[in-house]
Amino acid sequence: MKVFKKILALSLAACMTVPFFAGCNSNSSSESTDSAGASAADGDFTGTLVIGGIGPVTGGAAVYGNAVKNGIQLAVDEINAAGGVNGIKLELNFQDDEHNEEKAVNAYNTLKDKDMKLLIGTVTSNPCIAVAAESAKDNIFQLTPSGSAVDCVANDNAFRVCFNDPNQGTASAQYIAQNGVASKVAVIYDSSDVYSTGIYEKFAAEAAAQNLEVVAAEAFTSDSKTDFSVQIQKVQESGAELLFLPIYYQEAALILQQADKAGLNVKYFGCDGLDGLIDQLGDDVGLAEGVMLLTPFAADATDDKTVAFTTAYKAAYNGEVPIQFAADGYDAVYAIKAAMEKAGITDASISASDLCDALKTAMTEITLEGVTGNITWTADGEPTKDPKAMQIVITENEDGTKSGTYAAL
C-alpha cells in the first residue's frame, strides 16, 4: 500500500486559514494547464480517445455521480472545441454503478469492451477500491475525482483529485483547534462506511495532538441511518460545543432535523461529504445556518477561475449550481490533458497499457491550475493542494422562502 506523504499534511496545516482560490494566468506549456478555460486550436482531429467514467447516476448517491459526470463532460466539450489534446479528440463513456462494488466492476468490464483507454472513476470509495484492483491487473490508468479512501490509490496506476480521508480528518481537527472553534467535540460517524471511519479515526488521533477533547463518539451503520435519537442524546449529555459529522449530506440532514427537535445547541463541522446539504434540507434549510466544512471548492467563490467554471456549468446544465464533485470531475479531465501533453501523446491508437505507463510518470511532473486549487501529484497518487474552510449562510428571499450559500471563513 502506498504511504501518504507527510509533506502534504504539513502543507495543509500551514495553509488552513489561507483562501487558495487565487486567479492564475493560464500556462500553455506541457507542464501546466488552466482548467478554467481552453485556448483555441486549429486543425482536424487525428483520432478519438475514449475516456471511461464510472459512478452512481441512479440511487441514493446519484447527486455525486451526476455532478462528476457533468463536470467531466463539460471539460471534454471545452477541450474538443479547442482542438483536443495534441489533435486527439476525447470521448466520454460514463457507466452507472449505483454506488455498488459489483456493478462498478461490471461497468469497468463494459468500458474495456468499448475500447476505454483510461478511466476517470469511480466516484465513491468502495466501488473505486473494487475497480482499482481490476485496473491495476490490466495496467489501465485510473484517476478518481472523489474516491477518498486510502486504498483507492493503493496501486501505481491510480491517482486522485480529491483529498484522502485521513487528510480530511487531520485537517479538520487542526482547523477546529487552531482557530478556536471549540474545545469539546462530539462525533457521529458511519462505522460501516470506509469514508466516514477513515476520517473519524484520523480526526480522533489529531484531536488528541491538538488538545481537543472528544467527549462523545457515536456510531451508526448503513442498516440504521434514519433514527439518530440515541446518538443525539449522548451528544447532549456529553457537554459538547461542536458536533463533527464526517458523513454524507443525506444523514447529516436527518441529524440536523432531529437535533433541532431535541433542542441540541451545538456548532456543526463536516467535510466534503456535506456538499449537497443545502438542497437536501428543503424547507428546513434554515437549520444549516452556520454549518462549517472543509472543501476545496465553493461555487460562490469570486475568483476568476471559479466564476468561469460555475458560469459555464450553469449554462450547460440548465442553471444547476455545481458542487465540489462536479469541480473534481472537471479538474480530472484537465489533469489528464496536461499529463498527455507532458508525455507527448499524439496517437489515439496507443494501447491502454502504454498510455498508462506514460501517464504514471507524467502525472508527477505537471501542475494543474484547477478550480479545486493548484494541484501537483506525488508518485503514490496523492494530490497536494490547500483546503478551504466554508460556512453555510442562510438568506430570506422576498417570497419568504430561505436559501443557502457558502461563505469563506
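Residues numbered from 1 in each chain as written. Predicted model: local features only at pLDDT ≥ 70, side-chain atom pairs only at ≥ 80, totals over all residues. Heavy atoms only, no water.

*Asks:* Help me out: how do you make sense of the overall build of the chain in this one?
*Replies:* In terms of helices and strands, the chain carries 12 helices and 16 strands. For the chain, with 409 residues in total, the buried portion stands at 56%. For the chain, the proportion of contacts with a sequence separation of at least 24, taken over those separated by at least 6, is 73%. Accessible area of the chain: about 15,700 Å², with a carbon and sulfur share of 45%. (Helix = DSSP H or I, 4+ residues; strand = E, 2+ residues; numbered from the N terminus. Buried < 20%, exposed > 50% of the residue type's maximum accessible area, 1.4 Å probe, protein only. Contact = heavy atoms within 4.5 Å. Areas by Shrake-Rupley, 256 points an atom, 1.4 Å probe, with all protein chains shown as cover.)

*Asks:* Would you mind showing me how to read the packing of helix H7 (residues 229–238) against helix H8 (residues 249–262) here?
*Replies:* Packed helices, taken two at a time, are described by the angle their axes make and the gap between the axes. Taken N-terminus to C-terminus, the directions of H7 and H8 make an angle of 55°; their axes are 10 Å apart at the nearest point. Looking at the two axes, H7 sits oblique to H8. The chirality of how H7 crosses H8 is right-handed. Residues Ser-229, Ile-232 and Gln-236 of H7 lie in contact with H8, whose contacting residues are Ile-255, Gln-258, Ala-259 and Ala-262. Here the contact of H7 with H8 is composed, by residue class, of four nonpolar, three polar and no charged. (Axes fitted to C-alpha atoms, helices over the stretch in contact; angles between N-to-C directions. Parallel < 35°, antiparallel > 145°, perpendicular 65-115°, else oblique. Left-handed = near helix turned anticlockwise from the far one by under 90°. Nonpolar A, V, L, I, M, F, W, Y, C, P; charged D, E, K, R; others polar.)

*Asks:* What's the story with the sheet that holds strand S4 (residues 116–120) in this structure? I'm lost.
*Replies:* Paired through backbone hydrogen bonds, the strands of a sheet run either parallel or antiparallel to each other. The strand order S3-S2-S4-S5-S6 describes an open sheet built from five strands, whose pairing is parallel. Among the strands making up the open sheet, the edge pair consists of strand S3 (88–96) and strand S6 (158–160). On average, each strand axis in the sheet is inclined to that of its neighbour by 25°, with strand direction left out of account. The sheet contact formed by strand S5 (residues 142–144) and S6 spans three bridges and is parallel. The residue of S6 that forms the bridge with Leu-143 is Phe-159. Relative to the sheet, helix H4 (residues 125–138) contacts strand S2 (47–55), S4 and S5, its axis offset from that of S5 by approximately 165°. (Pairing = 2+ DSSP bridges.)

*Asks:* Just checking my understanding: could you explain the sheet that holds strand S8 (residues 213–220) for this structure?
*Replies:* Pairing is mixed in the open sheet, where seven strands are placed in the order S8-S7-S9-S10-S11-S15-S16. Looking at strand neighbours, the two that pair on one side only are S8 and strand S16 (402–408), the edges of this open sheet. Neighbour-to-neighbour, the strand axes of the sheet open up by a mean angle of 25°, direction not taken into account. Relative to S8, strand S7 (residues 184–190) is paired through seven bridges, and the arrangement is parallel. Considered in S8, the bridge of Ile-188 is made with Glu-218. Helix-sheet contacts for helix H6 (residues 194–209) involve S7, S8 and strand S9 (242–245), and the interaxial angle to S7 is about 160°. Contacting S7, S8 and S9, H7 crosses the sheet at an angle of about 170° to S8.

*Asks:* Sorry if this is basic, but what is going on with the packing of aromatic side chains here?
*Replies:* Ring pairs (aromatic) are described by centroid distance and by the angle formed between their planes. Applying the stated criterion across every chain, the model contains 15 aromatic pairs. Judged by centre distance (5.4 Å) and plane angle (80°), the ring pair of Tyr-64 and Tyr-249 falls under edge-to-face. Residue Tyr-64 is located in helix H2 (residues 62–81), and its partner Tyr-249 is located in helix H8; the two are separated by 185 residues in the primary sequence. No difference in accessibility class separates Tyr-64 from Tyr-249, as the two residues are buried. (Phe/Tyr/Trp six-rings, centres within 6.5 Å; stacked < 30°, edge-to-face > 60°.)

*Asks:* Mind showing me how you'd approach the nonpolar core here?
*Replies:* Side chains of nonpolar character tend, in soluble globular proteins, to be buried together. By size, the foremost hydrophobic cluster in this structure holds 110 residues, and its most contacted members are Leu-243 and Leu-277. With 12 residues, the single largest contributor to this core is helix H11 (residues 324–343). Those residues in contact with Leu-243 that sit more than four places away from it in its chain are Ala-186, Val-187, Ile-188, Val-235, Ile-255, Leu-264, Val-266, Lys-267, Tyr-268 and Phe-269. Among the nonpolar cores identified, the runner-up in size contains 10 residues, and Ala-104, Leu-111, Ile-140 and Ala-352 belong to it. (Core = buried A, V, L, I, M, F, W, Y, C linked by side-chain atoms within 4.5 Å.)

*Asks:* Hey, could you run me through the confidence of the model for the chain in this one?
*Replies:* Residues shown with low pLDDT carry predicted positions that ought not to be read at fine detail. Averaged over all residues, the pLDDT of the chain equals 89, while 89% of them reach at least 70. Scored below 50 in pLDDT, residues 1–33 makes 89 contacts in the model with residues more than four places away or belonging to other chains. In the model, residues 36–42 has pLDDT below 50 throughout and makes 13 contacts with residues more than four positions away in sequence or in other chains. (pLDDT = per-residue confidence, 0-100.)

*Asks:* Would you take a moment to explain the pattern of salt bridges for this structure?
*Replies:* Opposite charge on two side chains allows them to pair when their charged atoms are near. Counting across every chain of the model gives eight salt bridges. The shortest N-O distance in the salt bridge between Glu-134 and Lys-137 comes to 3.4 Å. Residue Glu-134 and its partner Lys-137 are both found in helix H4; the two are separated by three residues, about one turn of the helix. Judged by relative accessible area, which is 23%, Glu-134 ranks as partly exposed. A relative accessible area of 62% places Lys-137 in the exposed class. A salt bridge links Asp-357 to Lys-360, with the shortest nitrogen-to-oxygen separation between them at 3.5 Å. Of the two residues, Asp-357 and Lys-360 are both situated in helix H12 (residues 352–362); the distance of three residues between them amounts to about one turn of the helix. Judged by relative accessible area, Asp-357 falls into the partly exposed class, the value being 38%. With a relative accessible area of 17%, Lys-360 lands in the buried category. Where salt bridges share partners, they join Asp-156, Asp-357 and Lys-360 into one cluster. (Salt bridge = Lys/Arg side-chain N within 4 Å of Asp/Glu carboxyl O.)

*Asks:* Please clarify how the pairing of S7 should be interpreted in this entry.
*Replies:* Of all seven residues in S7, six are buried; the element is thus mostly enclosed. In the classification by handedness, the crossover that spans S7, the intervening H6 and the parallel S8 is right-handed. Bridge count for S7 against S9 is three bridges, and the pairing is parallel. Counterpart to Val-185 in the pairing with S9 is Leu-242. (Right-handed = clockwise from strand over helix to strand, strands pointing away.)

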